[in-house]
Amino acid sequence: MRERIYAVIQKIPAGQVATYGQVAALAGIPGHARQVGYALSALAEGSPVPWHRVVNARGEISLRSGGSAADLRQRLRLEAEGVVFDAQGRIPLELFRWRPGSRIEVEKAD
DNA sequence: CCACTGACGAGTG
DNA sequence: GCACTCGCCAGTG
């Protein structure tokens, strides 16, 4: 099950982000956003999954209970890929949300 | 097998 | 925009 979720996350192009619900839908389990987050919680540090590109529906970085340095790493990684955060520490999903099937995946190709 | 938990989402007031 | 409620179901003890 988690394999399916990981597979979808790996399809997220750099510089863009996807919400939990979006990943769930793409994984074939719409409405099961919790399972996505749960799957990520079970991710290993060395996993080949760009989990940092997955944010909640508000465009914020979600993370496990309590304070963790993982969220900071996630933010830095996203910024390194071109994603920007507003003054509220959130990502403008209307600009960075991944659109499967869209041609904006490779902006340089024109 | 039963109960509790948990990186969430959408709807309502 | 914020607070509250319900739904969802795999993992863990």
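Here is a short report on the structure shown in this document. (Residues numbered from 1 in each chain as written. Chains lettered and ligands numbered in written order. Predicted model: local features only at pLDDT ≥ 70, side-chain atom pairs only at ≥ 80, totals over all residues. Heavy atoms only, no water.)

Here's the deal with the nonpolar core
Let me state the cut-off plainly: Only buried residues count toward a nonpolar core. Its members are Ala, Val, Leu, Ile, Met, Phe, Trp, Tyr and Cys residues joined through side-chain atoms within 4.5 Å. Only protein chains enter the area calculation, which uses a 1.4 Å probe; residues under 20% of their type maximum are buried, those over 50% are exposed, and those in between are partly exposed. The way it works is that DSSP assigns letters per residue, a run of H or I at least four long becomes a helix, a run of E at least two long becomes a strand, and they are numbered from the N terminus. Any two residues whose heavy atoms approach within 4.5 Å at even a single point are treated as in contact.
Within the largest apolar cluster, 20 residues are counted, with the highest numbers of intra-cluster contacts made by Ile5, Ile9, Ile12, Val23, Leu40 and Val54. Those elements that provide at least two residues to this core are helix 1 (2-9), helix 2 (20-26) and helix 3 (33-41). Those residues in contact with Val23 that lie beyond four places of it in its chain are Ile5, Val8, Ile9, Ile12, Ala18, Val36 and Val54. By size, the runner-up hydrophobic cluster in this structure holds nine residues, among which are Val17, Ile61, Phe85 and Phe96.

Structural notes on the protein's contact with DNA strand B
To be explicit about the condition: Proximity is defined per residue: if any heavy atom of the residue lies within 4 Å of a molecule or strand, that residue is considered near it. Here a polar contact is taken to be a pair of N or O atoms separated by no more than 3.5 Å, where protein atoms must pair a possible hydrogen donor with a possible acceptor and residues adjacent in sequence count only if both atoms sit in side chains. Just so you know the grouping, Ala, Val, Leu, Ile, Met, Phe, Trp, Tyr, Cys and Pro go in nonpolar, Asp, Glu, Lys and Arg go in charged, and all remaining residues, Gly too, go in polar.
Among the 14 residues in the neighbourhood of DNA strand B, the closest are listed as Arg34, Gly37, Leu40, Ala57 and Leu63. Among all atoms of DNA strand B positioned within 4 Å of the protein, those belonging to sugar or phosphate total 50%. One of the side-chain nitrogen or oxygen atoms of Tyr20 is found 3.3 Å away from a base nitrogen of DNA strand B. At 2.6 Å, a backbone N or O of Ala57 approaches a phosphate oxygen of DNA strand B. By residue number, the principal contributor to the surface near DNA strand B is helix 3, which donates six residues. A per-class count over the surface near DNA strand B returns six nonpolar, six polar and two charged.

Interpretation in functional terms is not warranted from these geometric data alone.
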